[in-house]
Amino acid sequence: MFASVLVANRGEIARRVIRTLDRLGIGSIAVYTPADRSAPHVREASQAIPISSYLEIDDLLAACTRSEAEALHPGYGFLSENPGLARACAEAGVAFIGPPPAASELMGDKVRAKQAAQAAGLPIVPTFTEEEAAAEGAPYPLLVKAAAGGGGRGMRVVAHAADLEAALASARREAGAGFGDDRVFIERFLSRARHIEVQVLADTHGKVLHLGERECSLQRRYQKVIEESPSSVVGDELRGQLGAEAVALARASGYVGAGTVEFITAYEDPSDHYFLEMNARLQVEHPVTELVTGLDLVEAQLRVAAGEHLDLDQAEVRLTGHAIEARINAEDAGRDFLPSAGRVLVYHRPSGARVDDAIEPGSEVNTAYDSLLAKVIVHGADRSGALAELDLALAQTTILGVTTTTGFLRSLIATEAVRGNQIDTGLIERMEIPEGPPGAEVARAAALIFLRLKAEAAGDEPFARVDGWRLGGRRASSWWRLAVAGGEAIEVELHGDETRAIERTRLDTFALTNDDERRDWTYAEDGSVLWVGSGGWAWPVRHRGSDRAGDDQAGGDLRAPMPGQVLLVQASVGEEVQAGDTLVVLESMKMELAMTAPVSGLVAELSVTVGDKVVVDQPLARIEVNGSQ
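Draft legend 1. Summary view of unusual backbone geometry. That bond from Y140 to P141 is cis: its omega, 5°, falls within 30 degrees of zero. Along the chain, P141 turns up in the loop between helix 7 (130-134) and strand 7 (142-146). Its identity as a non-glycine residue notwithstanding, F78 has a phi of 50°, on the positive side. Looking at the element boundaries, F78 is found in the loop between strand 4 (71-73) and helix 4 (83-92). For F78, a relative accessible area of 33% translates into the label partly exposed. At N421, a position not held by glycine, the phi torsion is positive, near 60°. Tracing the backbone shows N421 in the loop between helix 14 (416-419) and helix 15 (427-430). By relative accessible area, which is 10% here, N421 ends up buried.

Draft legend 2. The environment of V17, seen in detail. By the secondary structure assignment, V17 is in helix 1 (residues 11-23). Between the C-alpha atom of V17 and that of H41, which follows or precedes it by 24 residues, the distance is 9.7 Å. Residue contacts for V17: discarding those within four places in its chain leaves V7, H73 and V298.

Draft legend 3. Representation of the pattern of salt bridges. Inspection of the entire model under this criterion finds 48 salt bridges. Residue E215 pairs with R194 through a salt bridge whose shortest N-O separation is 3.1 Å. Separated by 21 residues along the polypeptide, E215 in strand 11 (residues 208-220) and R194 in strand 10 (residues 193-202) bring together distant segments of the chain. Each of the two residues, E215 as well as R194, counts as buried. In this structure, the salt-bridge partner of E299 is R303, at a minimum N-O distance of 3.0 Å. Within this pair, E299 and its partner R303 are both found in helix 11 (residues 297-305), separated by four residues, close to a single helical turn. Judged by its relative accessible area of 30%, R303 is partly exposed. If you follow the salt bridges from partner to partner, you end up with R16, R19, R23, E290, D296, E299, R303, E308, R354 and D356 in one network.

Draft legend 4. Seen up close, the sheet that holds strand 7. Across the sheet, which stays open at both edges, the four strands sit in the order 6-9-7-8 with antiparallel pairing between neighbours. In this open sheet, the two edge strands, each paired with only one partner strand, are strand 6 (127-128) and strand 8 (156-158). As judged from the two bridges shared by strand 6 and strand 9 (residues 184-188), these two strands associate in the antiparallel manner. By the bridge assignment, T127 is partnered in strand 9 with E187. Contacting strand 7, strand 8 and strand 9, helix 8 (residues 164-179) crosses the sheet at an angle of about 170° to strand 8.

Draft legend 5. Main features of the environment of V284. Here V284 lies in the loop between strand 14 (273-279) and helix 10 (286-293). Residue class for V284 comes out buried when judged on its relative accessible area of 12%. Here the alpha-carbon distance between V284 and E12, two residues 272 residues apart in the chain, equals 9.6 Å. Not counting residues up to four positions away in its chain, the partners in contact with V284 are E12, Y76, E325, R327, L372 and K375.

Draft legend 6. Quick peek at the packing of aromatic side chains. One pass over the full model with this rule turns up eight aromatic pairs. Considering the side-chain rings of F337 and F408, the 5.1 Å spacing of their centres and the 80° angle between planes classify their relative orientation as edge-to-face. Linking F337 in the loop between strand 16 (331-332) and strand 17 (338-339) with F408 in helix 13 (residues 406-414), this pair joins segments that are 71 residues apart in sequence. Of the two residues, F337 and F408, both sit in the buried class. A ring pair is formed by W521 and W539, whose centres lie 6.0 Å apart and whose planes are at 40°; its orientation type is tilted. Placement of the pair is W521 in strand 28 (residues 517-526) and W539 in strand 30 (residues 537-542), with a sequence separation of 18 residues. When its relative accessible area of 2% is taken as the criterion, W521 is described as buried. The structure contains a cluster of three or more aromatic residues connected by ring pairs, namely Y54, F78 and Y369. Taking the ring centre of Y369 as reference, the NZ or CZ of R10 above it sits at 3.9 Å.

Reading the values: rules and limits
Residues numbered from 1 in each chain as written. Predicted model: local features only at pLDDT ≥ 70, side-chain atom pairs only at ≥ 80, totals over all residues. Heavy atoms only, no water. Helix = DSSP H or I, 4+ residues; strand = E, 2+ residues; numbered from the N terminus. Buried < 20%, exposed > 50% of the residue type's maximum accessible area, 1.4 Å probe, protein only. Contact = heavy atoms within 4.5 Å. Salt bridge = Lys/Arg side-chain N within 4 Å of Asp/Glu carboxyl O. Pairing = 2+ DSSP bridges. Axes fitted to C-alpha atoms, helices over the stretch in contact; angles between N-to-C directions. Phe/Tyr/Trp six-rings, centres within 6.5 Å; stacked < 30°, edge-to-face > 60°. Lys NZ or Arg CZ within 6 Å of the ring centre and 35° of its normal.

In short, the description is geometric, and any link to function would need to be established separately.
Have a look at this one:
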């Protein structure tokens, strides 16, 4: 076994790999860019080496030389599926903890991978050339996909032939930015489907195993949101078939290490399935497989890379109970899952669940990297038990300072469709996004906390109170006008006695009782904004004004709904545009968002140019309607 391993990644996956290295007594070496100097993975490693970029192979190999690392673990994302990194490691005498370069090169090219899968006997989704897709009678809807891509980037669903050209251009841009390769291809799109994947494990001595399947159908924009193992719609016979196909492809490609073979299946009949792609790396959702099999996949990767035999036979693989993982992202579910940014003010982790995370109080969340902040993983005797455990864990999770998907995840797993396992890859796009407790309840809680904090700051002297206290004992009402994020300004009237019905339960939490229901509210102050959170939900609340990003758009102003960078400007000052025309294209966390004209009129002002970085609500353009601003 290796004496030391360099972890060529950051965030939660770097911390997760370091945990296994520590358990095995292997020295862990972290790398970090200037922005990550104080990141948790840097502190937790045995040694840390500064680099200029996680994407520079020369930097990573220089760090291996400097630290005398014997092996390199790439994690996922970044260079994890780049055969160039594996080759560079081999030339430097550093063991690469992943598949051979030829295997990752083959599987990383989605076109060649489909050809290899077909040759290995796997069913594949029909593909089309641009000419065939543009021809009359083409079987729309179709799906444009990046040839070198993954994780949903560079993918566009095309409903009509008239939309094909724009979809191809957009997918190519996104693929080029995300993978350095702008090639795309076109395939059949299953309007209602399930996404099921099989974990494989192969050693250097010819043994290849599968570790069962994961259900990954709950997605938004082709990014997985909830994953579970096993799939409740896969029986023993289908599990054996999918596993045999995954093993056959791994053998045919000369695969070594941990990898995942992904399938798309018909919703009505999962046995009607097609090969989708193979991910030549450890998957984000690998913890659910670990919980049902009892295996440590990172340890297995290390032992395989060190040349050891897999000490497990296929018949010994058992799936026990049910595991579910929920990904908490820095995104605003109420605004079409747009990325969010900010500084983590409060972070409470749940008890009784496995949490793989990358944040702590004080962490800065920006749009330079993927939006994943944490994964909450639970295990139960069956699916319903696991869902109950997950709901409890998410309810105990509090993140203030950055808008996250925690509350949305609770609402998602509470739906009848999810509870009844009536799920498919398009479910989230079809459902209404819940908002959590009513805005009036949030505003009332915020007003009470505002008052309590002011009273505490004033030393709770009677004449310094702001709760309506009057000489002689007479109490008057106090009125508050508050703006809860995503809603109208709300007026709240608080009576003197009511302001005392609030109990501090911890340093950053108050308990409030409303209509005989007692609820804990966690808070954090950030300038003029008070963040409040309860049951997994969180809101920034301002003292006054609506502060809604969409208010000005009705009047012809276009503002940035997310932080990011200007990728394209497709209009000019003085140009006449129609409502819905694309004016500016933003890029954030490798995702493109087309910003369209809110009204028809003349472009009176363009406030940004290509390459500009923007923040939430920053003006982008202004349209004059009928000659008036």
